[in-house]
Amino acid sequence: MNENLHGIMAEFREPEQLLNAVRAAYEVGYRKMDAYSPYVVEGVAEALGFKKTRLPLLVLLGGIAGAVTAYAMQWYSAVIDYPLNVGGRPLHSWPAFVPITFELTVLFAALAGAIGMLALNGLPKLHHPVFNAPQFKRASQTRFFLCIESDDHNFRLDEVRDFLQSRNPISVTEVEK
Amino acid sequence: MNAEVEEPLVASGYDSASVTQKITDIVLKCPLQRGWLGGFAFAFILLMLFNFAIAWVLSKGVGIWGVNIPVAWGFAIVNFVWWIGIGHAGTFISAILLLLHQDWRTSINRFAEAMTLFALACAGLFPLLHLGRPWVFYWLLPYPDTMDLWPQWRSALVWDVFAVGTYLTVSIIFWYIGLIPDLATMRDRAERKPVQLIYGVLSLGWRGSARHWKRFHMTYLLLAGLATPLVLSVHSVVSTDFATAIVPGWHSTIFPPYFVAGAIFSGFAMVLTLAIPIRKFYNLQDFITIRHLDNSAKVMLATALMVSYGYISEGFMSWYSDDKFEIYMTLNRMFGPYAPAYWLLIFCNVIVPQALWFKRIRTNPAALFIIALLVNVGMWTERYVIVITSLHRDFMPSAWGIFHGTRWDWMTLIGSFGLFATLFFLFLRVLPSISISEMRDLVHKKSESSK
């Protein structure tokens with residue numbers, strides 16, 4: 001087998017075809033595969049075996065970190081490091097600390113969400129083998145792609161090609177690494 | 001019984017290929033047009049005027065503005081509040097309408113978010129210039145400094161720094177994340193190598209993997225959920241700059257909601273001011289349809305009523321308070337030296353928007369454009385009245401004074417339009433001004449439902 005093969009890629013016209021092909025491929029036993037589409041197609045990620053993303057947890061942790069940082073900073077500077085007696089008012093004037101605590105909660109949570117999404121997606125990654133397929137340019141425009149990768153246990157070149165051909169694609173190509 | 005057929009969100013006959021082509025061609029294929037060049041040149045001249053006015057302020061000091069005691073807050077604060085309010089509509093459209101499943105936001109959210117960023121760029125400059133010594137603006141931030149000082153956390157002005165800083169950062173993140181799949185489309189449609197390279201790097205190598213899309217959507221929703229309370233908090237914090245002072249006309253609990261409503265009001269006016277020419281010059285009537293204009297006009301009408309309620313409530317409360325300073329302030333606003341500004345704002349913000357009750361007006365782009373411009377003027381005037389009339393006659397008549405903007409005040413205001421417009425013209429030329437991936441989704445869902 002070609003050592004340099006990333007996988008075999010089929011191109012579909014309709015999102016439903018992609019969804020059905022992914023479901024069928026999962027049933028046959030392929031696991032190392034990915035689907036590419038110009039907009040989100042409901043159900044494809046789940047059909048690929050994608051369980052749940054940890055992003056909401058990351059965002060929550062980011063928010064908590066922001067809240068703690070902001071409140072601790074204000075409390076420490078106003079009570080410990082730089083106590084300022086303004087007409088005998090309490091140093092720990094918590095209501096005044098709420099706005100900044102809120103703002104930093106949102107800031108840290110949003111940063112955690114954005115950076116977390118890119119990190120979990122492995123981006124930025126400017127090159128990837130799928131870009132070697134010339135028709136892949138259409139993945140960001142109109143077409144839907146399924147690529148079964150060569151490092152899957154069940155990967156046999158001819159079987160995979162026959163399987164993909166049976167799903168009525170526009171084209172099937174081998175993708176070099 | 002409703003015989004009227006609802007106007008469509010996208011004209012019929014589009015599929016994902018033609019949507020993609022139409023939006024990307026504006027950037028990739030369309031040659032430089034005379035209209036764009038003329039507009040850009042005009043904006044750029046104003047931007048140079050802005051640079052000149054700023055350079056002069058930096059070399060001479062804020063004394064060249066009209067500000068002095070008692071009116072120490074002049075145009076800089078008025079412009080800041082006005083610009084930041086305009087930004088709010090972009091976030092409202094992109095975040096709040098997303099959470100409410102209003103799919104009419106799809107074709108206007110991208111440029112509305114761009115509008116937010118550019119409005120914030122203008123807004124952010126004014127308080128910095130107003131500092132008098134803008135080069136030490138970082139004293140507002142908590143950092144381990146050799147002076148052993150901390151910011152005063154109980155000050156609304158310090159809250160402002162955090163609110164505006166967070167708002168700017170989150171708006172940039174939200175906008176950029178939303179752009180990533182479209183930048184990948186631009187990369188794949190670009191024909192020349194350097195163009196492909198630039199969009200390729202900016203798209204971070206997005207390849208549309210189903211797993212990536214899943215996380216992308218999750219993030220987008222979470223960011224919308226975060227931006228929603230954020231946008232409400234920003235103008236609330238801005239309003240506390242006024243409300244925490246004891247100055248008559250400022251010291252009022254209605255300020256936060258009243259400011260937020262005013263912000264969304266003026267922001268939608270700006271959205272219409274931009275959308276109506278864009279859809280005409282770039283032939284985008286099929287994507288930014290009459291229904292978008294109609295809906296934006298309805299939001300404007302609703303917020304106009306909230307703002308009107310604010311004006312009425314202010315008047316009522318000053319009478320009900322039986323406080324002679326408050327009563328005098330209200331009478332002085334209506335009949336004092338700044339009465340023309342007051343009645344101009346009532347005309348632009350209360351009377352003119354009543355025309356929006358009529359569907360014939362809401363679906364007429366020319367009429368809407370004029371109303372939107374008047375509302376922009378009215379909202380600037382409102383902030384002018386709030387800032388100036390309260391300060392110029394507060395408590396002791398011996399400390400009263402009159403404020404007039406100098407030519408440098410007007411130059412910085414007009415110059416800031418140049419900054420905004422220059423950025424906006426560049427945005428139209430280099431980035432897809434409508435979200436392509438969301439439009440594809442929309443036309444797909446539409447074709448599904450019509451099957």
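Rules of the game
Residues numbered from 1 in each chain as written. Chains lettered and ligands numbered in written order. Predicted model: local features only at pLDDT ≥ 70, side-chain atom pairs only at ≥ 80, totals over all residues. Helix = DSSP H or I, 4+ residues; strand = E, 2+ residues; numbered from the N terminus. Rg over C-alpha atoms; globule rule 2.2 N^0.38 Å. Buried ≥ 20, exposed ≤ 12 C-beta atoms within 10 Å, placed from the backbone. Contact = placed C-beta atoms within 7 Å. Nonpolar A, V, L, I, M, F, W, Y, C, P; charged D, E, K, R; others polar. Axes fitted to C-alpha atoms, helices over the stretch in contact; angles between N-to-C directions. Parallel < 35°, antiparallel > 145°, perpendicular 65-115°, else oblique. Left-handed = near helix turned anticlockwise from the far one by under 90°. Pairing = 2+ DSSP bridges. pLDDT = per-residue confidence, 0-100. Expected span 1.5 Å × (residues − 1). Arc of directions from axis to C-beta.

Novice: Before we move on, could you go through the overall build of chain A and cite the residues and values that matter?
Specialist: Each helix and strand counted, chain A has five helices and four strands in total. By the compact-globule yardstick of 16 Å for 177 residues, chain A is too spread out, its C-alpha radius of gyration being 25 Å. Across its three principal axes, chain A shows a C-alpha extent of roughly 85 × 30 × 30 Å. Across the 177 residues of chain A, 42% fall into the buried class. Across chain A, every contact between residues at least 6 apart in sequence was considered, and the portion connecting residues at least 24 apart equals 80%.

Novice: Tell me about the overall build of chain B, and name the residues and values.
Specialist: In terms of regular secondary structure, chain B is built from 15 helices and zero strands. Taking 451 residues into account, the globule formula puts the C-alpha radius of gyration at 22 Å, and chain B, at 23 Å, falls close to it. Taking the principal axes of its C-alpha atoms as reference, chain B extends roughly 75 × 65 × 40 Å. Within chain B, the fraction of its 451 residues that count as buried is 49%.

Novice: If you had to explain the interface of chain B and chain A to someone new, which residues and values would you point to?
Specialist: Listed per partner, the contact involves 47 residues of chain B and 52 residues of chain A. When contributions to the side of chain B that touches chain A are tallied by element, the ones reaching two or more residues are helix 1 (16-28), helix 5 (156-189), helix 6 (193-202), helix 7 (210-243) and helix 15 (436-450) of chain B. With 16 residues, the top contributor of residues to the side of chain B that touches chain A is helix 7 of chain B. Considered class by class, the residues forming the side of chain B that touches chain A number 23 nonpolar, 15 polar and nine charged.

Novice: Describe the environment of B:F216, listing the residues and the values that go with them.
Specialist: All names here are of chain B. Looking at the element boundaries, F216 is found in helix 7. Looking at F216, the number of C-beta atoms within 10 Å reads 24, which means it is buried. Remark: the alpha-carbon pair of F216 and L413, spanning 197 residues in sequence, is separated by 39 Å.

Novice: Tell me what's going on with the packing of helix 8 (residues 255-281) of chain B against helix 9 (residues 290-321) of chain B, and back it up with residues and numbers.
Specialist: Residues and elements named next belong to chain B. One way to put it is that helix 8 packs onto helix 9 with a least axis distance of 8 Å and a crossing angle of 150°. Taken together, the axes of helix 8 and helix 9 are roughly antiparallel relative to one another. In this structure, the crossing between helix 8 and helix 9 has a hand that is left-handed. In this structure, helix 8 contributes Y258, A261, G262, I264, F265, F268, A269, V271 and L272 to the contact, and helix 9 contributes L293, S296, V299, M300, T303, A304, M306, V307 and G310. Among the residues making up the contact of helix 8 with helix 9, the classes are represented as 14 nonpolar, four polar and no charged.

Novice: So what about the sheet that holds strand 4 (residues 171-176) of chain A? Which residues, and what values?
Specialist: All names here are of chain A. Strand order in the open sheet formed by four strands is 2-3-1-4, with antiparallel pairing between adjacent strands. With partners counted over all chains shown, the strands left at the sheet margins are strand 2 (33-36) and strand 4, one partner each. Pairwise comparison of adjacent strand axes, ignoring direction, gives a mean angle of 20° for this sheet. Across six bridges, strand 1 (residues 5-12) lies against strand 4 in antiparallel orientation. Bridge pairing in strand 4 places I8 opposite E174.

Novice: Describe the packing of helix 9 of chain B against helix 10 (residues 324-335) of chain B, and please don't skip the residues or the numbers.
Specialist: In helix packing, the relevant descriptors are the interaxial angle and the interaxial distance, both defined with respect to the helix axes. All names here are of chain B. Running from amino to carboxyl end, helix 9 crosses helix 10 at an angle of 145°, the nearest separation of the two axes being 7 Å. Between helix 9 and helix 10 the crossing geometry is left-handed. Counted together, G315, S318, W319 and S321 of helix 9 and E326, I327, M329 and T330 of helix 10 form the full contact between these two elements. Class assignment of the residues belonging to the contact of helix 9 with helix 10 gives a composition of three nonpolar, four polar and one charged.

Novice: Kindly report on the confidence of the model for chain B, identifying the contributing residues and their values.
Specialist: Note that predicted coordinates carrying low pLDDT should not be read in detail. All names here are of chain B. Averaged over all residues, the pLDDT of chain B is 89; the fraction at 70 or higher stands at 98%. Per-element confidence in chain B ranges from a low mean pLDDT of 80 for helix 15 to a high of 95 for helix 11 (residues 339-351). Interface confidence for the predicted complex, given as ipTM, is 0.91, next to a pTM of 0.90.

Novice: Give me the lowdown on helix 10 of chain B, citing residues and values where you can.
Specialist: Residues and elements named next belong to chain B. With 12 residues, helix 10 should cover 16 Å at 1.5 Å per step; its first-to-last C-alpha distance of 16 Å lies within 8% of that length. Those residues of helix 10 not exposed but buried are M329, T330, N332 and R333. The arc enclosing the buried residues of helix 10, seen along the axis, measures out at 165°, which places them on a common side. Away from its buried face, by an angle of more than 90 degrees, helix 10 presents the exposed residues K324 and F335.

Novice: Can you explain the environment of B:A41? Please cite residues and give values.
Specialist: Looking at where B:A41 falls in the secondary structure, it is placed in helix 2 (residues 34-60). Between the alpha carbons of B:A41 and B:F403 there is a distance of 33 Å; along the sequence they are 362 residues apart.

Novice: Any chance you could break down the pairing of strand 3 (residues 144-149) of chain A for me, citing the residues and the numbers?
Specialist: Residues and elements named next belong to chain A. Across the six residues that make up strand 3, a large majority, six, are buried. Both faces of strand 3 are covered, namely the face carrying F144, L146 and I148 and the face carrying F145, C147 and E149. Pairing of strand 1 with strand 3 involves six bridges; the strand directions are antiparallel. Looking at the pairing, F12 lines up with F144 of strand 3.

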